[in-house]
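Here are the chains, one letter per residue:
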Number of protein chains: 2
Amino acid sequence: MKIVLIGAAGTIGKAVARELSSRHQIIPVGRSSGDFHADLRDIPTLHALFEKISQVDAIVCTAGSVHFGPWNELTPEKLDIGLRDKLLGQVNLVLAGQRSLSDGGSFTLTSGILSENPIRYGAAASLVNGALESFVRAAAIELSRGQRINIVNPTVIQESMPAFGPYFRGYRPVPAADVALAYSKSVEGSQTGQVYKVW
Amino acid sequence: MKIVLIGAAGTIGKAVARELSSRHQIIPVGRSSGDFHADLRDIPTLHALFEKISQVDAIVCTAGSVHFGPWNELTPEKLDIGLRDKLLGQVNLVLAGQRSLSDGGSFTLTSGILSENPIRYGAAASLVNGALESFVRAAAIELSRGQRINIVNPTVIQESMPAFGPYFRGYRPVPAADVALAYSKSVEGSQTGQVYKVW
């Protein structure tokens, strides 16, 4: 399969590339790294990406930022960061990519444990993750030509514990390699509309 | 209790007012009707509302629009309708209203069945409803002074079946009066972070 991987340089992205690259052709995409450049916040770059790549069999996104910070400092502007990037970036990736995705091809997006299990400072991330999971359930019944869509919901990643550990006390971290298996399940399996939790 | 009700003129809003008004003081708020005017899409009107009303014991929102329409005509602009109105409108209502909400006071927001059970044409609504439910779970652990927040997730309303019935085949409608009970449970109960499904 020919698989576009947005966020290929990230912690999860690298693990997904490692998991899938022995069996498939990976096209790594990043904001400033990878074979092609695209920015989730910039819709024309997503359209340009698919014009260049033309047909692919799977589109995987492991990119997307959100604001973390104290509740009493939360503003519409800070909420907008994750809305424009992780949330609408991934939604617009689907809208922009569906014409380039082959019959039976799959989208695999990324949410996170905060959709169900909130932490302090994480309200914007919870909102974004919950939105993405419901969007994926809805998109799954709307996509045509047998196209599929699933989303991976990881807990905190082992490799990210030095940075995020203090915010995720009591959350058992998982290695990025384990999270990558869920992307394989989505891309190489046949389900659609699923939220794959890796907790 | 002194209860602000945003969307008081709507189908659910009227039923909530009917349920709560015999025991509490209802302050009806609408875009163009009610004792005070505010527009969920216009943050300054939300701040102005709470400056005028000062302290309240509960803030209930039964308002909020989203775009319904064919998947293959879905655009970022159409998604933005529900993001700005039903989603960010209710989130901004919480951010704007928390200082005017008494100790132990409650927010009660409104999502809908499409967060879990999608229908054709409903992808934007699913996204918004899922975002709101995850936001409420997160806000519940962040609010101070014993303030609470819950969300009511109704299925299609009996009174709205002439308009929405064709989109909700197989969904058992519920009377608005039954949905109103969930708002009573939130306002007059003690739970927080809950999604009250009325299906």
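Note: the structure precedes this text.
In short, a report on the structure. Please read all numbers here as calculations on a predicted model, not as lab measurements.

Focus on the overall build of chain A
- Of the regular secondary structure elements, chain A holds six helices and seven strands.
- Moving toward the C terminus, one meets the helices and strands of chain A in the order β-α-β-β-α-β-α-β-α-β-α-α-β.
- If one aligns the C-alpha atoms of chain A with their principal axes, the spans along those axes are about 45 × 35 × 35 Å.
- Relative to its 199 residues, chain A shows a buried fraction of 57%.
- The long-range fraction of contacts in chain A, counting pairs at least 24 apart against all pairs at least 6 apart in sequence, stands at 67%.
- A total of about 7,900 Å² of accessible surface is found on chain A, and carbon and sulfur atoms cover 49% of it.

Description of the pairing of strand β6 (residues 148-154) of chain B
Residues and elements named next belong to chain B.
- Of all seven residues in β6, seven are buried, a share of seventy percent or more.
- Residues of β6 alternate between two faces, with Arg148, Asn150, Val152 and Pro154 on one and Ile149, Ile151 and Asn153 on the opposite face, all of them buried.
- Pairing of strand β5 (residues 101-110) with β6, which is carried by five bridges, proceeds in the parallel orientation. Paired with threonine 108 across the strands is asparagine 150, a residue of β6.
- Bridge count between β6 and strand β7 (residues 195-198): four bridges; the pairing is parallel.

Some thoughts on the pattern of salt bridges
- By the definition in use, this model includes 20 salt bridges over all chains.
- With its nearest N and O atoms 2.8 Å apart, the salt bridge here joins A:Arg31 to A:Asp85. With A:Arg31 in the loop between β2 (25-30) and β3 (36-37) and A:Asp85 in helix α3 (residues 76-97), this residue pair connects regions lying 54 residues apart in the sequence.
- Residue classification places A:Arg31 among the partly exposed residues on the basis of a relative accessible area of 42%.
- A salt bridge links B:Lys197 to B:Glu116, with the shortest nitrogen-to-oxygen separation between them at 2.8 Å. Taken together, the positions of B:Lys197 in strand β7 and B:Glu116 in the loop between β5 and α4 (123-140) put the pair 81 residues apart, joining distant regions of the chain.
- By relative accessible area, which is 43% here, B:Lys197 ends up partly exposed.
- Taken together, the shared-partner salt bridges in this structure form one network comprising A:Arg31, A:Asp39, A:Arg41 and A:Asp85.

A few points about the sheet that holds strand β5 (residues 101-110) of chain A
Residue and element names in this part refer to chain A.
- One open sheet accounts for seven strands, arranged β3-β2-β1-β4-β5-β6-β7; its pairing is parallel. Both edges of this open sheet fall to β3 and β7 (195-198), since each of them pairs with a single strand only.
- When strand β1 (residues 2-6) meets strand β4 (residues 56-61), the two strands line up parallel, connected through four bridges. Bridge pairing in β4 places isoleucine 3 opposite alanine 58.
- Across the sheet, helix α2 (residues 43-53) touches β1, β2, β3 and β4, and the angle it forms with β1 is around 155°.
- The strands touched by helix α6 (residues 176-188) are β1, β4, β5, β6 (148-154) and β7; relative to β5, the strand with the most contacts, the crossing angle is about 155°.

Describing the nonpolar core
- One finds A:Leu87, A:Phe135, A:Ile149, B:Leu87, B:Phe135 and B:Ile149 to be the most contacted residues of the largest nonpolar core, which totals 98 residues.
- Those residues in contact with A:Ile149 that lie beyond four places of it in its chain are A:Val94, A:Phe107, A:Leu109, A:Phe135, A:Val136, A:Ala139, A:Ala140, A:Leu143, A:Thr192, A:Gly193 and A:Gln194.

Let's talk about α6(A)
All names here are of chain A.
- The terminal C-alpha atoms of α6, which comprises 13 residues, lie 18 Å apart, in line with the 18 Å expected from a rise of 1.5 Å per residue.
- Regarding α6, the residues found buried are Ala176, Val179, Ala180, Ala182, Tyr183, Ser184, Ser186 and Val187.
- Residues of α6 that are buried sit in contact with β1, α1 (11-20), β4, β5, β6 and β7.

Topic: the packing of aromatic side chains
- With the rule as written, the count across this model stands at eight aromatic pairs over all chains.
- Residues A:Phe68 and A:Phe164 carry aromatic rings whose centres are separated by 6.4 Å and whose planes lie at 40° to one another, so their mutual orientation is tilted. Placement of A:Phe68 in the loop between β4 and α3 and of A:Phe164 in helix α5 (residues 161-164) is noted, with a sequence separation of 96 residues between them.
- A:Phe68 gets classed as partly exposed once you look at its relative accessible area, which sits at 35%.
- The cationic tip of B:Lys197 hangs over the ring face of B:Trp199; the distance from NZ or CZ to the ring centre is 4.8 Å.

A look at the sheet that holds strand β4 (residues 56-61) of chain B
Residues and elements named next belong to chain B.
- Strand order in the open sheet made by the seven strands is β3-β2-β1-β4-β5-β6-β7, with parallel pairing throughout. Edge positions in the open sheet fall to β3 (36-37) and β7, since each of these has one partner strand only.
- Along the sheet face, α4 touches β5, β6 and β7 and points at about 160° away from the line of β6.

Definitions and limits used
- Residues numbered from 1 in each chain as written.
- Chains lettered and ligands numbered in written order.
- Predicted model: local features only at pLDDT ≥ 70, side-chain atom pairs only at ≥ 80, totals over all residues.
- Heavy atoms only, no water.
- Helix = DSSP H or I, 4+ residues; strand = E, 2+ residues; numbered from the N terminus.
- Buried < 20%, exposed > 50% of the residue type's maximum accessible area, 1.4 Å probe, protein only.
- Contact = heavy atoms within 4.5 Å.
- Areas by Shrake-Rupley, 256 points an atom, 1.4 Å probe, with all protein chains shown as cover.
- Pairing = 2+ DSSP bridges.
- Salt bridge = Lys/Arg side-chain N within 4 Å of Asp/Glu carboxyl O.
- Axes fitted to C-alpha atoms, helices over the stretch in contact; angles between N-to-C directions.
- Core = buried A, V, L, I, M, F, W, Y, C linked by side-chain atoms within 4.5 Å.
- Expected span 1.5 Å × (residues − 1).
- Phe/Tyr/Trp six-rings, centres within 6.5 Å; stacked < 30°, edge-to-face > 60°.
- Lys NZ or Arg CZ within 6 Å of the ring centre and 35° of its normal.

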